[in-house]
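Listed below are the residues making up each chain.
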Amino acid sequence: MRVATWNVNSVTARLPRLLAWLEGSRPDVLCLQELKTTTEAFPAAEVGALGYEVAAHGTGRWNGVALLSRVGLADVVRDLPGQPEYEGVVEPRAVGATCGGVRLWSVYVPNGREVGHPHYAYKLEWFEALRRTVEAEGTGSVPFAVLGDYNVAPTDEDVWDPAVFEGSTHVTEPERKALAALRDAGLADVVPRPLKYDRPYTYWDYRELGFPKNKGMRIDLVYGNPAFAGAVSDAYVDREERKGKGASDHAPVVVDLDVA
DNA sequence: ATGTCGCGGTTCCCGCGA
């Protein structure tokens, strides 16, 4: 079984690339983030023509997540139980489903903007709701994983230059402790292999030639319970998809599993 | 070497978020 996660930075803008990537990589399940469109406007017919069922969750210009599956899509849940609001709104940042006997969540963790900003506190609250979901769903024998854009680099090795990020979001101790809490809840960080260079970055800023200079970050993560992580046979970052005109600023992370 | 991108509204540029 092949599962993948990809922040597409607008599914509408990325549709030609998304369809080509699905045809080329043939994941059984794909977790998408940053749809930037509504549930209704999601291109379900186009991905359906490739054999995928869709659980999309979007409200418009920002955020939005989806699960695409060609191995079944059951027990769909939109939003984390108890997911915190931002400015009075529960944003579309999480969707869960059971696909081919594996329980999966596609998540888009809040960015945080600046340390001390209300969005940063919201980010940490959001992680706590995610941790509670892991405790509720992920501690049994069923393979379980949370895939998506976590907006946190787990270690200093996961950013191209730690000095540049000093004092910024994505690398602070409270954010990294939120990831550690997920590991304490039983999940393992399924670290993919890079297809080039030494670090498996998943995101490179559009600005200042981030990709050609490999000024990247590993912020798109796959956190799986023992039944999931123990079944992993391979994992890699598909940096090829970050190349060329019309790319997202994130590359897909692909995980192959030996599950029935 | 791609030396930002994408969206929606206040539209044919601007502000915002990332």
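Residues numbered from 1 in each chain as written. Chains lettered and ligands numbered in written order. Predicted model: local features only at pLDDT ≥ 70, side-chain atom pairs only at ≥ 80, totals over all residues. Heavy atoms only, no water.

Just to check I follow, could you spell out the packing of aromatic side chains for this structure?
Aromatic rings in a pair are described by how distant their centres are and how their planes are angled relative to each other. In the structure shown here, the tally under the stated rule is six aromatic pairs. Judged by centre distance (5.4 Å) and plane angle (35°), the rings of Tyr150 and Tyr223 are tilted. Within this pair, whereas Tyr150 is found in the loop between strand E8 (144-149) and helix H4 (162-165), its partner Tyr223 is found in strand E12 (residues 220-224), the two being separated by 73 residues in sequence. Accessibility classification places Tyr150 together with Tyr223 in one group, the buried group. (Phe/Tyr/Trp six-rings, centres within 6.5 Å; stacked < 30°, edge-to-face > 60°. Helix = DSSP H or I, 4+ residues; strand = E, 2+ residues; numbered from the N terminus. Buried < 20%, exposed > 50% of the residue type's maximum accessible area, 1.4 Å probe, protein only.)

I tried to follow the sheet that holds strand E6 (residues 94-99) on my own but got confused; where do I start?
Backbone-to-backbone hydrogen bonds join strands into a sheet, with any given pair of strands oriented parallel or antiparallel. A sheet is described by the order of its strands in space; here six strands give the open sequence E5-E6-E7-E8-E12-E9, paired in mixed fashion. Looking at the sheet topology across the chains shown, the edges are occupied by strand E5 (74-78) and strand E9 (188-189). Across the sheet, helix H3 (residues 118-137) touches E6, strand E7 (102-108) and E8, and the angle it forms with E7 is around 175°. (Pairing = 2+ DSSP bridges. Contact = heavy atoms within 4.5 Å. Axes fitted to C-alpha atoms, helices over the stretch in contact; angles between N-to-C directions.)

So what exactly am I meant to see when it comes to the UniProt feature "site: Transition state stabilizer" (unreviewed entry) in chain A here?
In the numbering used here, UniProt assigns the feature "site: Transition state stabilizer" (unreviewed entry) to Asn151. Structurally, the position occupied by Asn151 is in the loop between E8 and H4. A relative accessible area of 5% places Asn151 in the buried class. Contacts of Asn151, omitting those with residues within four sequence positions, involve Tyr108, Val109, Pro110, Asn111, Lys123, His170, Glu175 and Ile219. (UniProt positions renumbered as here; feature names shortened; annotations may be inferred.)

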